[in-house]
Amino acid sequence: MVQRQRAATVNEHSQRDGLISTVRSWKHRHGLAPRFVKPKGVAVARTARGCRVRLGCTSSSSRRVVRTAPRRSPADECASAIHNAARAAIADRSPAITPGVTRRPLAAHSGSRLPSTVHSWASLNWGVGMSAAHRACVGVAILLSVLSVPSANGQCENKQLAKLLSPGPAVFGSAVDLDGDLLVIGAADTSSGGRAYFYERVSGLWLLAHTVSGPYAQVGESVAIANGRVFVARRGVAVDVYEKTGGQWMLAANIPNPIPNVPFTAFGSAMSADGDTLAIGDLNQTRTYVVSKSGAGWTSPTLILPTDSSAFSNFGQSVSLEGNTLVVGAYTAVGGQNSSGAAYVFAFDGNTWIQRAKLTDPSSTVSVGVGHSVSVRSGLAAIGSHSGRVLVYEDLGLFWALQAIIDRPSNFAQEFGRSVAIAPDRLVIGAYGDTSYAAGAVGSSYVYAKPGGSWKPALLLTPDTALGFGTGFGYAIALSGSEVAIGARTEGAGATYVMRSTPNPDQSFGAACPGSGGFSPTLAILSSFDGCKHPGESVSIQLQSALGNTGCLLVLGTQSSSIPLPSGCTLLTVSAATPIALPVFGSGPGNGSITVGASIPVNFPLVSVFMQAFVFDPGVAQGYCATNGLRLSVY
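Residues numbered from 1 in each chain as written. Predicted model: local features only at pLDDT ≥ 70, side-chain atom pairs only at ≥ 80, totals over all residues. Heavy atoms only, no water.

**A closer look at the overall build of the protein chain**
Helix and strand counts for the protein chain come out as five helices and 42 strands. Counting over 635 residues, the protein chain shows a buried share of 54%. Contacts in the protein chain between residues far apart in sequence, at least 24 positions, make up 57% of those at least 6 positions apart. Per element, the accessible surface of the protein chain, about 25500 Å² overall, is 51% carbon and sulfur. (Helix = DSSP H or I, 4+ residues; strand = E, 2+ residues; numbered from the N terminus. Buried < 20%, exposed > 50% of the residue type's maximum accessible area, 1.4 Å probe, protein only. Contact = heavy atoms within 4.5 Å. Areas by Shrake-Rupley, 256 points an atom, 1.4 Å probe, with all protein chains shown as cover.)

Next up, the structure:
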């Protein structure tokens, strides 16, 4: 242990000393001159292997002038800069970078010191060599080469926020609903009658606030939350409505089964609530009901039936309600090219519910169980099936159009689509029979994001600890904001997890080191919805509040750190592949800024890149100030 600690200390010192040497060399070359000189000639730099590479322009008085370059177009200048800068930056570790060419990933630097190419780049007189466009192109090229270093520490990973274990009978987590700080979990155990549990989040902890039980009916077969109310189904009998009064959850209303004497009724097999309206499915009787709050009570159930109803379509197996839109799943209905099931869309016109569409899988002859799960939100409908396929339809006004077909990622992702939850920017799909992510573990949930308008895999949600066979993680899911509740009804007596449904966002860390005038330069990433970037997307790194009309070093690495520098600043990233020298535009302290853009290759590996900028500032003792640290995640 002592040897490891000593090695770590030596490595930190090497990283620190390497950066100090880089900055000193850079300061010496710049002379802390705040202005850039108009280019006149051609400069060369030496890579780690001593190769001379033409990089840009410098004054005719420079000792490094070798010849005068002919006038070229900005496009040619940019391409040449990318090609030559990449060679110098990576010392022939990878094929030269040219626009539109996909490169193989680079190996991470193994040495404890910054590579010698760091010093080559730092020694360049960037204030003299290039036009603004030229410098930006070079910065992009180096950024891409650095981003190609894969990391074992990908930060777009799963995040478990809480795990709740059954406080009573089995199948805890067979039904879930989540709304902010309120979570309701069903446990419809036929042997005990079942229960429903109300949890409230207080100071980050989920506390059991109320329990509903029943000795006979299957209490908790389905549950729902809307407008501060909790709905608990007693399958075949009634739906109970709970409201909080005086800090206590109290039974406020009862919605009985309209056909209680019909054999095999399954009233309450599925529920969905929005505002003051509740949809209730009865899959055995192939029907669905809608009730609404009216004064102090609730309206009589309105019967909803499809126009092509059949006796055994299981219409009402799943329901999802938002505003005036209701989607009902019928997983044995005749649809598509066979009897593969369907989902029906109804719209409320102010008086009645009218069928608008029947959604099926038109592309496959093997789909079965379409409509086993449904979810509607903001004009999007997700429809899960038994065959490992999820359909996404979009409301285009006059009709619903098929937007995407998402098939299970592997044959191991069993039960993919048996539960779904959709939001405008992400889709969560349960696969409670999944065995793909760990030997012997069963169950997962997949999160898909929609960068650039198309659905792409984003996260695999799994428990933090390995589970035994048959835990059912992903049997039921509910989405609220950036969080998702996931039921694992056969993990012992059952469990429910609350997890983040979006990747860890790009994060700022560490304190900036102020420059002249007391300003603190900052780094930021112009990110997509989830804070992580995706292959094929572009990324923009922005430096603000720096000293204008000077330069900066953007240091990138594969690890975060907190290494003190003699100047009083802190090095917040280590294992730097290369620093990028960039101009800072603006005038005066705190007014400088620059934005660097790069395109992430389509076949990009999962990485996390840590970065920090050191800005030239002759107004402070050390001659430079430092920004906060920043982590960029790509998945």
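Structure shown, so let's carry the discussion forward.
**So, the sheet that holds strand β21 (residues 373-377)**
Spatially, four strands are ordered β21-β22-β23-β24 in an open sheet, and the strand pairing comes out antiparallel. Edge strands, defined here as strands with exactly one partner in the open sheet, are β21 and β24 (400-407). Mean inter-strand twist for the sheet, computed between neighbouring axes without regard to direction, equals 20 degrees. (Pairing = 2+ DSSP bridges. Axes fitted to C-alpha atoms, helices over the stretch in contact; angles between N-to-C directions.)

**Some points on the environment of Glu-483**
By secondary structure assignment, the location of Glu-483 is in strand β30 (residues 483-488). In this structure Glu-483 comes out as buried when scored by relative accessible area, which is 15%. A C-alpha to C-alpha distance of 8.8 Å links Glu-483 and Leu-161, two positions 322 residues apart in sequence. For Glu-483, the contacting residues outside a window of four places in its chain are Leu-161, Leu-178, Arg-201, Ala-478, Val-498, Met-499, Arg-500 and Ser-501.

**Details of the pattern of salt bridges**
Summed over the entire model, instances satisfying the criterion amount to 14 salt bridges. For the salt bridge of Arg-229 with Asp-276, the shortest nitrogen-to-oxygen distance reads 2.8 Å. Placement of the pair is Arg-229 in strand β9 (residues 229-234) and Asp-276 in the loop between β12 (270-274) and β13 (277-282), with a sequence separation of 47 residues. Judged by its relative accessible area of 33%, Asp-276 falls in the partly exposed class. Put simply, Arg-234 and Asp-240 hold a salt bridge, and the shortest N to O gap is 2.9 Å. By sharing partners, the salt bridges in this structure join Asp-181, Arg-201 and Glu-483 into a single network. (Salt bridge = Lys/Arg side-chain N within 4 Å of Asp/Glu carboxyl O.)

**Considerations on unusual backbone geometry**
With the exception of glycine, the majority of residues adopt a negative phi angle, and the majority of peptide bonds are in the trans configuration. Phi is positive for Thr-286, which is not a glycine, with a value near 55 degrees. The topology assignment puts Thr-286 in the loop between β13 and β14 (287-294). Of note, Asn-314 is a non-glycine position whose phi angle comes to about 60 degrees, a positive value. Within the secondary structure, Asn-314 is located in the loop between β16 (302-304) and β17 (315-322). We classify Asn-314 as buried; its relative accessible area is 15%.

**Let's talk about the packing of aromatic side chains**
This model, assessed by the stated rule, comprises 14 aromatic pairs. With 6.5 Å between their ring centres and 75 degrees between their planes, Phe-172 and Tyr-199 make a pair best called edge-to-face. Placement of Phe-172 in the loop between β3 (160-165) and β4 (175-179) and of Tyr-199 in strand β6 (residues 195-202) is noted, with a sequence separation of 27 residues between them. Pair check on accessibility: Phe-172 and Tyr-199 agree, each one buried. Where Phe-198 meets Trp-249, the ring centres are 5.4 Å apart and the plane angle is 90 degrees; that geometry is what we call edge-to-face. In this pair, Phe-198 sits in strand β6 while Trp-249 sits in strand β11 (residues 248-256), placing the two residues 51 residues apart along the sequence. (Phe/Tyr/Trp six-rings, centres within 6.5 Å; stacked < 30°, edge-to-face > 60°.)

**Considerations on the state of the cysteines**
For the structure shown, the criterion picks out one disulfide. In this model Cys-513 forms its disulfide with Cys-569; the gap between the sulfur atoms is 2.2 Å. The chirality of the disulfide connecting Cys-513 with Cys-569 is left-handed, given an S-S dihedral of about -60 degrees. Remark: Cys-569 occurs in the loop between β36 (559-564) and β37 (570-574) and Cys-513 occurs in the loop between β32 (507-509) and β33 (522-526); sequence separation between them is 56 residues. For the pair Cys-513 and Cys-569, one class covers both residues: buried. Of the cysteine sulfurs around Cys-552, a residue in no disulfide, the closest is that of Cys-625, at 9.8 Å. Sulfur of Cys-625: no disulfide; nearest cysteine sulfur belongs to Cys-513 and is 6.6 Å away. The class of Cys-625 is buried, set by a relative accessible area of 0%. (Disulfide = S-S within 2.5 Å.)

**Thoughts on the side chain of Ser-166**
If you trace the backbone, Ser-166 turns up in the loop between β3 and β4. Engagement of the side chain of Ser-166 in a polar contact is seen with the backbone oxygen of Gly-168, the distance being 3.1 Å. Every residue in contact with Ser-166, bar those within four places of it in the chain, is listed here: Phe-172, Ala-493 and Gly-494. (Polar contact = N/O pair within 3.5 Å; in protein donor to acceptor, adjacent residues only side chain to side chain.)

**Some words on the pairing of β30**
Burial analysis of β30 places six of its six residues in the buried class, the great majority of the element. By the alternation rule, side chains of β30 split into Glu-483, Ala-485 and Gly-487 and Val-484, Ile-486 and Ala-488, which are all buried. With six bridges connecting them, strand β29 (residues 473-480) and β30 associate as antiparallel partners. What sits directly across from Leu-479, in β30, is Val-484. Note: β30 against strand β31 (residues 495-500), six bridges, orientation antiparallel. The residue bridging Ile-486 from the neighbouring strand is Tyr-497, located in β31. With antiparallel pairing between neighbouring strands as the criterion, β30 and β31 make up a hairpin whose turn holds six residues, including Gly-492 at a positive phi of roughly 65 degrees.

**Considering the side chain of Asp-617**
Relative to the elements of secondary structure, Asp-617 occurs in the loop between β40 (607-616) and β41 (624-626). Residues in contact with Asp-617, not counting those within four places in the same chain, are Gly-515, Ser-516, Phe-519, Leu-547, Gly-623, Tyr-624 and Cys-625.

**Remarks on the nonpolar core**
Counting 25 residues, the largest nonpolar core has Leu-523, Leu-543, Leu-554 and Met-611 as its most contacted members. When residues of this core are traced back to their parent elements, those giving at least two are β33, β34 (538-546), β35 (550-557), β38 (579-584), β39 (592-599), β40 and β42 (629-634). Among the nonpolar cores identified, the runner-up in size contains 18 residues, and Val-428, Ala-449, Val-484 and Ala-488 belong to it. (Core = buried A, V, L, I, M, F, W, Y, C linked by side-chain atoms within 4.5 Å.)

**Considering the sheet that holds strand β7 (residues 205-213)**
Here four strands make up an open sheet; going across it, the order is β4-β5-β6-β7 and the pairing antiparallel. At either margin of the open sheet sits one strand with a lone partner, and together these are β4 and β7. Taking each pair of neighbouring strands and ignoring which way they run, the sheet shows an average axis angle of 15 degrees.

**Quick notes on the environment of Ser-378**
Structurally, Ser-378 can be placed in the loop between β21 and β22 (380-384). Counting along the chain gives 46 residues from Ser-378 to Pro-424, while the straight-line C-alpha distance between them is 6.2 Å. Leave out the neighbours within four places in its chain, and Ser-378 touches Glu-322 and Pro-424.

**Topic: the confidence of the model for the protein chain**
In the predicted model, the protein chain carries a mean pLDDT of 76, and 68% of its residues have values of at least 70. Here residues 1-10 is a poorly scored stretch, pLDDT under 50, and it has zero contacts once near neighbours within four places are set aside; other chains count. This stretch, residues 149-155, has a pLDDT under 50; its non-local contacts, to residues over four places away or in other chains, come to 20 contacts. (pLDDT = per-residue confidence, 0-100.)

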